[in-house]
Amino acid sequence: MSGVSLMKEIVEKLVKIVGAEFVSDQPEERYIYSMDPGTMPPREPDIVVIPGTSEEVRQIMILANRDEIPVVPLGAGLVLSGLSRALKGGIILDMKRMNRILEVNETSRYAVVEAGTSQGMLQAYLKKHHPNLKHSAPDAPPVATIAGNVSIHGSGHLSHAAGFHSDMLNGLEVVLPTGEVARIGSCATSPYWFSRAPLPDLAGLFLGWAGTTGVITKLAIKLYPNYKYNDVGIFVTEEAQLIPDILHRMTGTQVAEDMTTWMTPKPDWARGFLHCDINFGANTKDELIWKRNLIRASVQEYIDQKVAGFMPLPPAMKQPFLEVPARTLSRFADVRRGGGFEYVGAIMPVDLFPEAYKVGLEIADSLNVNYSLGSRIIGVNHCMMFFYAYAFNRADPADVERAQKALEETNRIVVDMGGIPWKAEAPAQKEIIRKMDPNMFDLMNRIRAVLDPKGIMNPGNWEED
Amino acid sequence: MQYEEILHRCFRCGYCKLPGNYIDFNCPAYLAFCFETYSPGGRMWLLRAWLDKKIETTDRFQEILFSCVNCGNCVEQCTFPKFKDQLLLAFMAGKEELVNAGKVPPAVRDCLTNYQHHGNPYGFARKKRHGWAEDLEVDRFSEHEYLFFPGDVGSYDSRGQEICRSVARLLKANGISFGIFGADEVSDGNEVNAMGETELFRYLAEENIKTFNASQVKKIITLSPHAYNAIKNDYLQFGGQYQVFHYAQILAPIIKQQTYKSDVPPMRVTYHDSCYLGRHNGEYWSARTILSSLPGIQFVEMDRNMQNALCCGGGGGNFFTDILGRGANNPARARIREAAETAAEVLAVACPLCAVVLEDAVKAERLDERIEVKEISEIANEILDKAN
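Residues numbered from 1 in each chain as written. Chains lettered and ligands numbered in written order. Predicted model: local features only at pLDDT ≥ 70, side-chain atom pairs only at ≥ 80, totals over all residues. Heavy atoms only, no water.

Draft legend 1. Structural context of the packing of helix H12 (residues 247-257) of chain B against helix H13 (residues 285-293) of chain B. All names here are of chain B. It is at 8 Å that the axes of H12 and H13 come closest, and there the two elements cross at 30 degrees. One finds that H12 runs roughly parallel with respect to H13. Here H12 and H13 pass one another in a crossing that is left-handed. Between H12, through Ala 248, Gln 249, Leu 251, Ala 252, Ile 255 and Lys 256, and H13, the contact on the second element is made entirely by Ser 286, Ala 287, Thr 289, Ile 290 and Ser 293. Its residues assigned to classes, the contact of H12 with H13 comprises 6 nonpolar, 4 polar and 1 charged. (Axes fitted to C-alpha atoms, helices over the stretch in contact; angles between N-to-C directions. Helix = DSSP H or I, 4+ residues; strand = E, 2+ residues; numbered from the N terminus. Parallel < 35°, antiparallel > 145°, perpendicular 65-115°, else oblique. Left-handed = near helix turned anticlockwise from the far one by under 90°. Contact = heavy atoms within 4.5 Å. Nonpolar A, V, L, I, M, F, W, Y, C, P; charged D, E, K, R; others polar.)

Here is the structure:
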C-alpha cells in the first residue's frame, strides 16, 4: 500500500474512533501543528487527532502501532523547544479535549485530572470549589497543560517548597505504545491517588522522555495550602558570586514557597543588578511578619555589609510579583516586535550561578541578542533551573538564526559547565547524550525497545545521530 | 492586507483563548472546532502563511477565517498592549481579502448576496421591514425625540419580532417619544462589516444615514447591540453622527426609580452579556440595573461574565451563516450549560440574536425544563404586570 493510501486509510479509521470533526489531514492544520513558538524548524505531521477519552487514545495507539505510524502527544504546544513537532511525520495527538477535573481530595490534598487539563483551568476550579488549596503553577501561560509540564520535569510557584512538578506527581494513567492502559502509583492498587510510594516507582518511565514512551491520559498531583496572606520581597545585589550563599541562607529558613532570580537590561533601573524574588504566604498577618523577619535575618549580614539589600516595594508594586502566572512574561516576545522568544532552561547546582550568569551575558553580547536571565530554585537549594531567554523577530530569518545560534551555544556551554538543558530540543538532546554515561543511554534504549518495540512514540527524540 | 504587519508578532501564548479567570476556553471558534488553527493565534499565523503563499485559499482556510464571530475576547485578554486592539481588525481585513477575491464559504456568499439585493440577510422584501409593528400603534418617525431602530432580526425573525414588540411596548409605557422608519431603513450592516464586505457596509450605512438625516434624526434607540455598535462607532466615518442608545440604557434609569404595588414570586435570573454591548462598547451595567431593580429577581452571575463572558456565537455574521455549527461544543450550548449550573430558571439577554441562538441551544441541550431564555424587556413587562 502506498504512503498516501495508507494515510487515507488511517484517517478513515481515526474518524471512526474520534469522529470526523476531530481528525484533520488538511494543509492548515498540518502547517500550524508543524511548529511551536520557538525557533525549531517546522516538521509537518500527516494527521492531527483530538481524542476525547482514554479509550479513544487506546484505540489510536493500537492502530498506530499496527501500521507503525509515529505518534506525538501534544499539550498546549508551549514547550518552545519543538518537542511536540512530528519529526518523522505521523499523528499529532492533541490532548486538549481531555480536560476534565476528575477528583479533588481536600483532606489528602491531591487532584486527579485528565491530561489535557490546563494550569488555568485547575487554578480556576480550585479557586471556586476548594479555595484553601492551590497547585504549583509554572510561569507558562495558563493554557499550558498540567500533564505536559509534569512530564518535562517543570517547576513553578511552589518549587522551593516542594521541588519539581514531577516530584509533586502522585500517579499516572498511561496508554502504552502497544495500546495497553496502565495505572502507576497508588491508583494501581487503590481507589485513591495519594502517592507513588511504596510501589516500584514506574512514573519515571514517562517523565523527561519527551513523549517517547507512552501517552499520559490522567494524572494526580499534590495540592498545597492556599494562604490567606501573601507577600514578596526582592533582594538585590550587584555581585553574582554572592548569590549561591544568599540563596543558601534564605532557603535554609524554609519559610518561602518560591524563590527566583532575574537579571535583565530593561528597564534601565534593573540593568546590572541581580534580583532575588522571595514569595511567601501565611495564614495570619503575624505569621507573615514572622516569616518575613526570618528571611531578612538570614541575609542580615549582607545587608549590614551594604553589598545587598531588600528593594523597597510599595503594595501596588508587589501585585505583578504575586500574580500567578505573570501575564507580563509573554510580552518579552514583543521586545523585537517579532513575536518570538525561546530559552534554554538549564538544570544545574546553585553553585554554578555566577558562571552561568557570566556566560549568559557573554553570549548575548557576542551575538547581539536581547536577553533575559534568571533562575528558579528547586527544593531547599537542591538545584536550580537557570534560564537564558532570547527574543527574536519571527519575520526576520537572520534574527531567528541569531537566536538559534545563541541557544545552541548556550546548550553546549551549559552541558560543558555541568548543567543539563531542560526540555531540550532534539539537537540539545544529542549534546546531552554526548556527555551521558553510555550505560544510561543504553538502558534508555533498552527500556524504550520494550515499551515501544516499533519505535512509534515521538521518534527523533532522545536519539543519537 | 491591512494590519499584516502585526500578524507575526503574535507569540501564540494563548491568553486569547481564555477568560480572565481561566476557567474554560472562551474563544467561540476554538471552543467549537478545537484545532489550534481556529484559535486567534492560529488564525494570525495562518494569515501570515497565506500572505506568504505557504497556504492556499482552500475551503478550510475560508471556514477558519469566517468562524471568527468578532466577540472580542481575544482583544480583551491579549497580553500584548501594543497591538491587541488590532487583532479583530486584522481578522476582518483577512475576510475582506477573501471577499474581494470572491472566495468565501457558500453561506457567507448567500448571506452577503441577500444584503446586497434586499438590504437584509434573509432575502425578504424590504417593504416587510415594519411587519413587527403592524399590530402596535407605533408612529413613523417625524418629530419624535428618538428613532427606534429594530435591526434585521427584530424586523424579520419571528422571535426577534416578539422581542421588538416587547421593547416598544415598554418604551411606550414609560412615555418615551419614538418613531420608526420601517421600510425606509435597511440593515445597519454591522455583520456585513464584520464579514469584511466593507463596500457593501458603506452602501448600507450611507442609505440609512440619508434616511436619518432627511428626517433630522438626532437620537437613536437600537433594539440590537449589533446595530448599536455599527451606528454608534462605524457610521461616524460616513458622516452619520447621532446620540445612540441601546434600549437598556434608556430603560435602566426609569425602571430603577419605579415603585411597585405588590410582591411578585421570586425568579432566579442570570444574565448573558452581549459582546456588542459589553466588550465592544463597555456597557455592562444597564441590563444588570434593570434586573436588580425589578421586584422578585434573585440575580446570580455566571462564572464568565462581563468582560469575560462567553459569546453565544451569533456575531460576525454567524447568526446567519452558521459556520460554527450546532455540535455539543457550540458556544451557545456551552453557555446554556453554564447558565444552568447557576440554578437560574431564567437566562436574561439584551440582544435578539443572543435570544434566538440561546433558545435553540436550550432545546439542543434538552434543558427546557430547567431554564428559559428571556429578553430583559419581556422580564420587565411580565413582572411589572404582576406588581402593578
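The rest of the description comes next.
Draft legend 2. A look at the pattern of salt bridges. Applying the stated criterion across every chain yields a total of 58 salt bridges over all chains. Taking the shortest distance from any N to any O, the salt bridge between Glu362(A) and Lys358(A) comes out at 3.4 Å. Highlighted residues: Glu362(A) and Lys358(A), both in helix H11 (residues 353-367), separated by 4 residues, approximately one helical turn. Here Lys374(B) and Glu382(B) are joined by a salt bridge, their closest N and O atoms 2.8 Å apart. Salt bridges sharing common partners tie together Asp94(A), Lys96(A), Arg12(B), Lys17(B) and Glu36(B). (Salt bridge = Lys/Arg side-chain N within 4 Å of Asp/Glu carboxyl O.)

Draft legend 3. Up close: helix H14 (residues 438-451) of chain A. Residues and elements named next belong to chain A. Taking 1.5 Å per residue as the helical rise, H14 with its 14 residues ought to reach 20 Å, and the 20 Å between its terminal C-alpha atoms agrees with that figure. Considered for burial, the residues of H14 that qualify are Phe 441, Met 444, Arg 448 and Leu 451. Each buried residue of H14 lies within a common arc of 90 degrees when the element is viewed along its axis, so the set occupies one face. The outward face of H14, more than 90 degrees from its buried face, is lined by the exposed residues Pro 438, Asn 439, Arg 446 and Val 450. Looking at where H14 begins, the residue whose side-chain oxygen comes 3.0 Å from the main-chain nitrogen of Asn 439 is Asp 437. (Expected span 1.5 Å × (residues − 1). Buried < 20%, exposed > 50% of the residue type's maximum accessible area, 1.4 Å probe, protein only. Arc of directions from axis to C-beta. Polar contact = N/O pair within 3.5 Å; in protein donor to acceptor, adjacent residues only side chain to side chain.)

Draft legend 4. Local environment of the packing of aromatic side chains. All names here are of chain B. Within this structure, the stated rule accounts for 29 aromatic pairs over all chains. Ring centres of Phe 33 and Tyr 38 lie 4.2 Å apart, and the angle between their planes is 10 degrees; on these two criteria the pair is classed as stacked. When the ring centre of Trp 45 is taken as reference, the NZ or CZ atom of Arg 12 above it lies at 4.7 Å. (Phe/Tyr/Trp six-rings, centres within 6.5 Å; stacked < 30°, edge-to-face > 60°. Lys NZ or Arg CZ within 6 Å of the ring centre and 35° of its normal.)

Draft legend 5. Highlighting the nonpolar core. With 233 residues, the main nonpolar core has Ile91(A) and Phe148(B) as its most contacted residues. Among the elements that line this core, the one with the most residues is helix H16 (residues 352-364) of chain B, at 8 residues. Ignoring sequence-local partners within four residues, the contact set of Phe148(B) consists of Trp132(B), Cys164(B), Val167(B), Ala168(B), Leu171(B), Phe178(B), Gly179(B), Ile180(B), Ile221(B), Thr222(B) and Leu223(B). By size, the runner-up hydrophobic cluster in this structure holds 46 residues, among which are Phe235(A), Met259(A), Ile413(A) and Met417(A). (Core = buried A, V, L, I, M, F, W, Y, C linked by side-chain atoms within 4.5 Å.)

Draft legend 6. Representation of the sheet that holds strand S6 (residues 297-299) of chain B in the model. Residues and elements named next belong to chain B. One open sheet holds the 4 strands; their spatial order is S6-S5-S7-S8, and the pairing between them is parallel. The two strands at the open ends of the sheet, each matched to only one other strand, are S6 and strand S8 (372-375). When the angles between neighbouring strand axes are averaged without regard to direction, this sheet yields 40 degrees. With 3 bridges joining them, strand S5 (residues 267-271) and strand S7 (residues 346-349) adopt parallel strand pairing. Note that in S7 the partner of Thr 270 across the bridge is Leu 347. Here helix H17 (residues 376-387) sits on the sheet and contacts S5, S6, S7 and S8; the angle it forms with S8, its principal contact strand, is near 90 degrees. (Pairing = 2+ DSSP bridges.)

Draft legend 7. View of the interface of chain A and chain B. Every contact between the two is made by 45 residues of chain A and, on the other side, 42 residues of chain B. Both faces considered, chain A and chain B share a buried interface measuring about 3,600 Å² in area, 64% of it formed by carbon and sulfur atoms. When residues of chain A are sorted by the area they lose upon contact with chain B, Glu28(A), Ile32(A) and Arg327(A) head the list and together hold 19% of the total. Taken together, the connections running from chain A to chain B amount to 4 salt bridges. We note a salt bridge from Asp303(B) to Lys128(A), for which the minimum N-O separation is 2.6 Å. For the pair chain A and chain B, the interface holds 14 residue pairs in polar contact (both at pLDDT 80 or more). Contributions of two or more residues to the side of chain A that touches chain B are made by strand S1 (23-24), helix H2 (27-32), helix H4 (119-129) and strand S16 (339-348) of chain A. (Buried area = accessible area lost by both parts, 1.4 Å probe.)

Draft legend 8. A look at the packing of helix H8 (residues 158-173) of chain B against H12(B). All names here are of chain B. Between H8 and H12, whose axes approach to 11 Å, the crossing angle comes to 40 degrees. Put simply, H8 runs oblique to H12. Seen from above, H8 lies across H12 with left-handed handedness. In this structure, H8 contributes Val 167, Leu 170 and Leu 171 to the contact, and H12 contributes Tyr 247, Ile 250, Leu 251 and Ile 255. The class makeup of the residues in the contact of H8 with H12 is 7 nonpolar, no polar and no charged.

Draft legend 9. The environment of Glu207(B), seen in detail. Residue and element names in this part refer to chain B. When you line up the elements, Glu 207 lands in helix H10 (residues 198-214). The spatial distance from the C-alpha of Glu 207 to the C-alpha of Asp 188 is 9.5 Å, given a sequence separation of 19 residues. Excluding its chain neighbours within four sequence positions, the residues that come into contact with Glu 207 are Arg 126 and Val 186.

Draft legend 10. A look at the domain arrangement of chain A. Residues and elements named next belong to chain A. In terms of domains, chain A is made up of domain 1 (3-94), domain 2 (101-225), domain 3 (229-324) and domain 4 (328-424). With centres defined by C-alpha atoms, the gap from domain 1 to domain 2 works out at 23 Å. For the pairing of domain 1 and domain 2, the buried interface totals around 1,200 Å² over both sides, and the portion due to carbon and sulfur atoms is 74%. Area buried by domain 1 at its contact with domain 2 is led by Ser 54, Met 61 and Leu 78, which between them contribute 35% of it. Our count for the domain 1 to domain 2 interface comes out at 0 salt bridges. For the interface between domain 1 and domain 2, the tally reads 2 residue pairs in polar contact (both at pLDDT 80 or more). Here the element with the most residues in the side of domain 1 that touches domain 2 is helix H3 (residues 54-67); it accounts for 6 residues. (Domains from an automatic or database assignment.)

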